[in-house]
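Residue-level structure breakdown
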Amino acid sequence: RAPGFQNGPPTKDTGDDQQKTPRTEEVGMEKQLQELEDRERRKSNLVVFNIPELGRGTVDDMRQHDVEELKTILRELNVETVLTNPVRLGPKKEDMKYPRPLRITVEKETVKWHILKEAKNLKNAGEEKVRTVFFKRDMTLLERQADMDLLKALREKREEEELKGGTAKFKI
């Protein structure tokens, strides 16, 4: 240490009470790396909502039921793919208003995007139970938070426009 400096040489005061140390930067890098790995792991996954659940049965029976329901929906979309790893998300409860979401993995990321593109046509489907089904991509916690922030901003814009009496339409 230089003479006269008890805690090392003086540093420029940036006004930050919290200085970055190599350890905090390392933790930030680890979180970013973990986020990227998580996105990579989810890239071929879809989350499907409003697929009716089988009330009772074995795990294999319930999984087979979910696959058959999905195949019906994908036929409606004119999409053929190999579905793997169908998993219901969240705990099963008797008094649930809606069925639990179903996460599936498709063979390629391009198939996932094709399904998402075609899924908007489900509202015009022939079968009533298919009309209420919708798809979303499997998102990380960070992506879900950003999505919620974006939807909140959209709602605020729409309310602001409505209060002005305008007719502009905002969408994401």
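Since the structure is predicted, the reported quantities are computational estimates derived from the model, not experimental observations.

With that settled, the discussion passes to the pattern of salt bridges. Using the criterion set out here, one finds 10 salt bridges in the structure. Notably, a salt bridge pairs glutamate 40 with lysine 43, separated by 2.9 Å at the nearest N-O pair. Taking relative accessible area as the criterion, glutamate 40 reaches 47% and is therefore assigned partly exposed. The shortest N-O distance in the salt bridge between glutamate 143 and arginine 137 comes to 3.2 Å. What makes glutamate 143 buried here is its relative accessible area of 13%.

Quick look at the packing of aromatic side chains now. Taken as a whole and judged by the stated rule, the model has 1 aromatic pair. On the basis of an interplanar angle of 10° and a centroid distance of 4.7 Å, the ring pair of phenylalanine 49 and phenylalanine 134 is categorised as stacked. A residue pair is termed long-range when its members are at least 10 positions apart, and phenylalanine 49 in strand 1 (residues 45–49) and phenylalanine 134 in strand 4 (residues 134–137) qualify at 85 residues.

General note: in soluble globular proteins, nonpolar side chains tend to be found buried as a group. In this structure, Ile104, Ile115, Leu122 and Phe135 are the most contacted members of the largest nonpolar core, which totals 20 residues. Taken together, the elements giving at least two residues each to this core come down to strand 1, helix 2 (59–76), strand 3 (102–105) and helix 3 (109–118). Per element, the largest residue contribution to this core is 3 residues, and it comes from helix 2. With near-sequence residues (within four places) excluded, leucine 122 lies in contact with Ile73, Glu76, Leu77, Val130, Arg131, Val133 and Phe135.

Right, let's talk about the pairing of strand 3 for a bit. Sheet analysis places strand 1 next to strand 3, joined by 4 bridges and oriented antiparallel. The residue bridging asparagine 45 from the neighbouring strand is threonine 105, located in strand 3. One ladder, built from 3 bridges, connects strand 2 (residues 84–88) with strand 3; its direction is antiparallel. Its bridge partner lying in strand 3, arginine 88 is registered against leucine 102.

A few words now on the sheet that holds strand 3. Taken together, the 4 strands give an open sheet; going across it, the order is 2-3-1-4, and neighbouring strands pair in antiparallel fashion. At either margin of the open sheet sits one strand with a lone partner, and together these are strand 2 and strand 4. Neighbour-to-neighbour, the strand axes of the sheet open up by a mean angle of 25°, direction not taken into account. Each of strand 1 and strand 4 is contacted by helix 3, which is oriented at about 140° to strand 4, the strand it contacts most.

Rules of the game
Residues numbered from 1 in each chain as written. Predicted model: local features only at pLDDT ≥ 70, side-chain atom pairs only at ≥ 80, totals over all residues. Heavy atoms only, no water. Salt bridge = Lys/Arg side-chain N within 4 Å of Asp/Glu carboxyl O. Buried < 20%, exposed > 50% of the residue type's maximum accessible area, 1.4 Å probe, protein only. Phe/Tyr/Trp six-rings, centres within 6.5 Å; stacked < 30°, edge-to-face > 60°. Helix = DSSP H or I, 4+ residues; strand = E, 2+ residues; numbered from the N terminus. Core = buried A, V, L, I, M, F, W, Y, C linked by side-chain atoms within 4.5 Å. Contact = heavy atoms within 4.5 Å. Pairing = 2+ DSSP bridges. Axes fitted to C-alpha atoms, helices over the stretch in contact; angles between N-to-C directions.

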